[in-house]
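What the coordinates show
Residues per chain, in single letters:
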Amino acid sequence: LSIPPLARKLEVEAKPRDKALEPGGETIVELTVKDASGRAVAGGEAAVVVVDEAVLALTDYKTPDPLSAFYAPRPPGASDYHLRQYVTLARPDVDSLARADGGGADKDGDAMPAPPPAAEPAPEQSRASSGVEGGVAGGVVGGVVGGGAPGGRARRAQPMEKAKKEAAAYDEEEQKSDATARVPATPIAVRKQFGALAVFAPQVRTDAAGRASVAVKVPDNLTRYRIMVAAVSGEKQFGSGEANLTARMPLMVRPSPPRFLNFGDVFELPVVLQNQTDRAMAVKLAVRATNAALTAGSGRQVTVPPNDRVEVRLPAAAEMAGTARFQIAAASGRVSDAAEFALPVWTPATTEAFAVYGEIDDGAIRQKVAMPSDAVTQFGGLEVSTSSTQLQALTDAVLYLVSYPYDCAEQVSSRMLAIAALRDVLTAFHADGLPAPKELERTVGRDVEKLRALQNPDGGFAFWVRGYESWPYLSIHGGHALVRAKEKGYEVPAGMIERNREYLRTIEQHLPWYYPPDVKRTLRSYALYVRKRMGDRDVAEAHRILREAGGAGKLPLEAVGWLYATMTGDAGSREELATIRKLLDNRATETAATAHFATSYKDGGHLLLESDRRADGILLEALIDDQPKSDLIPKLVRGLLAHRTAGHWMNTQENAFVLLAMDRYFRAYEKVTPDFVARAWLGDGYAGDHRFKGRQTEQQQIDVPMSYLAKMRGAQDLILQKDGKGRLYYRIGMTYAPRSLWLAPDDHGFAVERVYEPVDDPKDVVRQKDGTWHFKAGAKVRVRLTMVAESRRYHVALVDPMPAGLEPMNPALAVTGAIPQDPKQRGGDEWWWWTRTWYEHQNMRDERVEAFASLLWEGVHEYTYVARATTPGRFIVPPTRAEEMYFPETFGRSGSDKVIVE
């Protein structure tokens, strides 16, 4: 039986003193709390939240009712059991049974009992039944008809009152001004604060009369706010209430910009002018922008009808990569409004970059410099960096980790490792392109919080979302990042490290049974290395791993490197250390200048994110600690530097571990105190000079924009010269964008195709013969990505950049995956049926959509999502790209696209 707890329900009323405010205005919300009998509730506690209704409408959010939470329906906890089915009757003589019951027998001789006589219902039962029925019907009808006002009449809703005061004030001003009235000289207030939350008051107490008040200051949004109140009195009485508050102005400016732009985009900025009065308005609109060109003028004059709105579209174009800022102001007589916003302008769809590195001990070097023939002049240019330390050569590697976009547990940990290890150096100078040292420190703080959000109760870390399986390698790697950050003085919650330490101590219990033996031993070795840094060295376990494997020569070299570092300095490990030193001498591949090691796994290398250069970094750091005079050390450094591509190593794993080793190398071996002057000339012009004196990690940067290079006549000599003691390290780089902004499809392990499809009407999406896509403004567009993998791939990222004129929609509204029907394509793995998609994680970002899979079977895979065309214009769309994150040379891309929204 449903028994509502009406006696325990609180009646909560929230009433703002002002129903409408101007943006940024203030008012008071008055609360009244009464119990079920209408008595005031003294000392009650209420939580008050005032939120933008538009945000709540996105998820159809309802004001919560605490009464239903504390008095939820409960099952009765009783069940009926009948034993009749278990009763076995004796079988009497069939004929006797038939005669006794007045029935006959069926064709098999079984008794056929006669049907029972029809029974009349008892008078009492009939009367009771009809009484109940009549009572229910009468109650319902009576409730409907009799509800409302006395006498059975339904109260009519009062019509909404218009903003009389507002209109009257406006009329008065209009009467004072003539038809040619100009905008006043006083500045127009610009609305800047667009937060969705106006008030969060978690603990408001009622007075003896059951009343309370809350001050409200709304942000600068033009919207309606919902006032939500939840109240409690004692332990048994609960209730909730809500009200509305509107922020509006007589004249309102509502810009609807895209979320981002790509270099080369041309778009129309929609601006809605809304008249909230009963008189027509002649509105003057003005716009100004930085890093964006207003291609059809910056001013408009339009007439807005009373209580109506007009859309104005302002053609604009992105000028350079960076941030575009807009200010929009409108005025009519003495009423006005203004708004401003900023949006990122991403680098061109096609960018090319190259750089040369070197060092000067004495004298000078000469390098020919010329502007690429097909480069646009608004983007890129020549970059000349000089430094007295070879850390300059690592700038691009640090940049690679800082700007790596995906943010799974491994990538966050690798970024923390690099920034934390190089903290002392990075805080001493600001390299070109790197965030400021304080911002790097804040980055580590944010990454610690990201790892906290990914740490499971067992102390391990999930790949993408807490609650999913803790990956053994990621769990060790995350602990490594935390302890390195703590060593460098960053604030790390002690509980995170302690939970992870317990995970590492019991690492064997967390290794799945199907991991190959060499993978398990490598993970155990890495766990020992991290435990040593945590102050929990376990040399006996290191010896046990060596015995199990049959010696260091039977282990992957990464495992050897981690065990090597664990045992270094231990007197009881002399024999094991001697064996490892001999093994490394024999396994190193050397040339006259460089050296490297090669490691491999029979199977399961993807479980460790294996990488050859990572092994070199691990072994380099161990060698520096154990054999600082080894001839292998400088050769390994030169070998690692030679393996860079575009200034960095292949993936986040390589960059993190190589930077750890390089930091150790620079602190140990750069001993010459610099004292020299570096000078630079470009053609006939003197570019500048800088003095390097003493031990410092300062870097001098000279930027020559592409527009300057375009004025040079042919190639010119860039001359760098050093005068004084020490070594000058330099980097000469150039970044540019081809005029066509176009990339053709490419296949280096993946074939990728992107197609746009209509959702509601075939005419919404049309492709022209030249390949240009035309979208109808406001239409929904399905983006279908097809990816073909010729063989099994590991840790795959599929990334689709979007046109700036589109916005992705809720993934729940689109079909985002397909299930292969061929068992061979599924690979026979049960987990495929659990996830029901080839990918394990997806991100919907402003400018791109991403999908990730740790294991991708060979075959054809599709990914689809739905976006809405929101901004008119002509947009450049970079190619869709698929890659193995830890072997990015295995990649593929679609071609660039051009989209027109109109």
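The following refers to the structure shown. Note that residues are indexed from 1 along each chain, following the sequence as it is written. The model is predicted, so local features are restricted to residues of pLDDT at least 70 and side-chain atom pairs to those at 80 or more, both for listing and for counting; the totals for chains, interfaces and linings are taken over all residues. To obtain the side-chain values, all non-hydrogen atoms of the structure were used and water was disregarded.

**Section: the packing of aromatic side chains**
Any pair of Phe, Tyr and Trp rings, taking the six-membered ring for Trp, is counted once the centres come within 6.5 Å. Such a pair is stacked with planes under 30 degrees apart, edge-to-face with planes over 60 apart, and tilted for the rest. Tallied over the full model, the rule gives 24 aromatic pairs. With centroids separated by 4.4 Å and ring planes inclined at 35 degrees, the aromatic side chains of tryptophan 464 and phenylalanine 852 adopt a geometry described as tilted. One end of the pair, tryptophan 464, is in the loop between α9 (437–454) and α10 (472–487); the other, phenylalanine 852, is in strand β38 (residues 848–856), with 388 residues separating them in the sequence. Buried, partly exposed and exposed residues are distinguished by accessible area as a fraction of the type maximum, computed with a 1.4 Å probe on protein chains only: under 20%, between the cut-offs, and over 50%, respectively. What makes tryptophan 464 buried here is its relative accessible area of 15%. The secondary structure listing takes helices from DSSP runs of H or I that are at least 4 residues long and strands from runs of E that are at least 2 residues long, numbered from the N terminus.

**Observations regarding unusual backbone geometry**
The backbone of aspartate 60 sits at a positive phi, close to 55 degrees, despite the residue not being glycine. Among the structural elements, aspartate 60 can be located in the loop between α1 (53–58) and α2 (66–70). Overall, aspartate 60 belongs to the exposed group, its relative accessible area being 52%.

**Focus: the sheet that holds strand β30 (residues 746–748)**
A sheet is described by the order of its strands in space; here six strands give the open sequence β30-β42-β41-β35-β38-β37, paired in antiparallel fashion. Each edge of the open sheet is held by one strand with a lone partner, namely β30 and β37 (841–844). The sheet shows a mean angle of 20 degrees between the axes of neighbouring strands, direction not considered. At least two DSSP bridges between two strands are needed for those strands to be called paired. Pairing of strand β41 (residues 881–884) with strand β42 (residues 887–893) involves four bridges; the strand directions are antiparallel. Within the sheet, the bridge partner assigned to arginine 881 lies in β42 and is arginine 893. The convention used is that axes are lines fitted to C-alpha atoms, helices contributing only their stretch in contact, and that angles between N-to-C directions extend from 0 to 180 degrees.

**A word on the pattern of salt bridges**
The working definition used for a salt bridge is a side-chain nitrogen of Lys or Arg within 4 Å of a carboxyl oxygen of Asp or Glu. Counted by the stated rule, this structure contains 46 salt bridges. With a closest N to O distance of 3.3 Å, glutamate 45 and arginine 205 form a salt bridge. A residue pair is termed long-range when its members are at least 10 positions apart, and glutamate 45 in strand β4 (residues 45–52) and arginine 205 in strand β7 (residues 197–205) qualify at 160 residues. Two residues, arginine 524 and glutamate 541, come together in a salt bridge whose shortest N-O distance is 3.0 Å. Here the residue arginine 524 occupies a position in helix α12 (residues 517–533), and glutamate 541 occupies one in helix α13 (residues 539–549), the gap between them amounting to 17 residues. Judged by its relative accessible area of 7%, arginine 524 is buried. In this structure glutamate 541 comes out as buried when scored by relative accessible area, which is 16%. Salt bridges sharing common partners tie together Glu502, Arg505, Arg531, Asp536 and Asp538.

**Considering the sheet that holds strand β2 (residues 20–21)**
Ordered in space as β2-β10-β9-β4-β7, the five strands form an open sheet in which the pairing is mixed. Every interior strand has two partners, whereas the edge strands, β2 and β7, have only one. Taken together, the 10 bridges between strand β9 (residues 224–233) and strand β10 (residues 237–247) define a ladder with antiparallel strand orientation. In the strand pairing of β10, alanine 231 is matched with glycine 239.

**Here's the deal with the layout of surface pockets**
A cavity here means a set of points on a 1 Å grid, drawn over the protein atoms and nothing else, where a 1.4 Å probe fits but cannot get out; a pocket is an open set with protein on both sides within 12 Å along at least five of seven lines, and a residue lines either one if it has an atom within 4 Å of a point. Grid points are joined across faces, edges and corners, and a volume is the space filled by probe spheres set on the points. A volume near 1100 Å³ is recorded for the second largest pocket. Mapped by element, the contributors of at least two residues to the lining of the second largest pocket are α1, β11 (251–255), β17 (309–318), β19 (335–346) and β36 (806–808). The biggest single contributor to the lining of the second largest pocket is β19, with five residues. Classes in brief: Ala, Val, Leu, Ile, Met, Phe, Trp, Tyr, Cys and Pro nonpolar; Asp, Glu, Lys and Arg charged; the others, Gly included, polar. Its residues placed into classes, the lining of the second largest pocket shows 19 nonpolar, six polar and nine charged.

**Some thoughts on the environment of leucine 261**
Within the secondary structure, leucine 261 sits in strand β12 (residues 261–262). By relative accessible area, leucine 261 is classed as buried at 0%. C-alpha of leucine 261 to C-alpha of proline 344: the two residues are 83 residues apart in sequence and 6.3 Å apart in space. Residues count as neighbours in contact if any of their non-hydrogen atoms are within 4.5 Å of one another. When neighbours within four sequence positions are excluded, leucine 261 is seen to be in contact with Phe267, Ala318, Leu343, Pro344, Val345, Trp346 and Ala804.

**Comments concerning α10**
What sets the pattern is the α-helix's 3.6 residues per turn: residues three or four places apart point alike. In a regular helix each residue adds 1.5 Å, so 16 residues correspond to 22 Å; α10 covers 23 Å between its end C-alpha atoms and thus fits that length. Along α10, 14 of the 16 residues are buried, which leaves the element largely enclosed by surrounding structure. Once α10 ends, the next one or two residues include glycine 489, with phi positive near 95 degrees. What a helix is expected to span follows from its residue count: subtract one and scale by 1.5 Å.

**A word on helix α14 (residues 557–567)**
Most of α14 is tucked away: 11 of the 11 residues are buried. What α14 keeps buried is the set Leu557, Glu558, Ala559, Val560, Gly561, Trp562, Leu563, Tyr564, Ala565, Thr566 and Met567. Two residues or fewer past α14, glycine 569 is found with a positive phi of approximately 90 degrees.

**Concerning the packing of α14 against helix α15 (residues 574–587)**
Relative orientation of the contacting elements α14 and α15 amounts to 140 degrees, with a least axis distance of 11 Å. Accordingly, the angle class assigned to the pair α14 and α15 is oblique. Once α14 is placed against α15, the crossing between them reads as left-handed. Each of Leu557, Val560, Tyr564 and Met567 in α14 lies in contact with α15, whose residues at this interface are Glu576, Leu577, Ile580, Arg581, Leu583, Leu584 and Arg587. Residue classes in the contact of α14 with α15 are distributed as eight nonpolar, no polar and three charged. Here the word oblique covers every angle except those under 35 degrees (roughly parallel), over 145 (roughly antiparallel) and from 65 to 115 (roughly perpendicular). Less than a right angle of anticlockwise turn of the near helix away from the far helix marks a crossing as left-handed, whereas a clockwise turn marks it as right-handed.

Any link to function would need more than the numbers given here.
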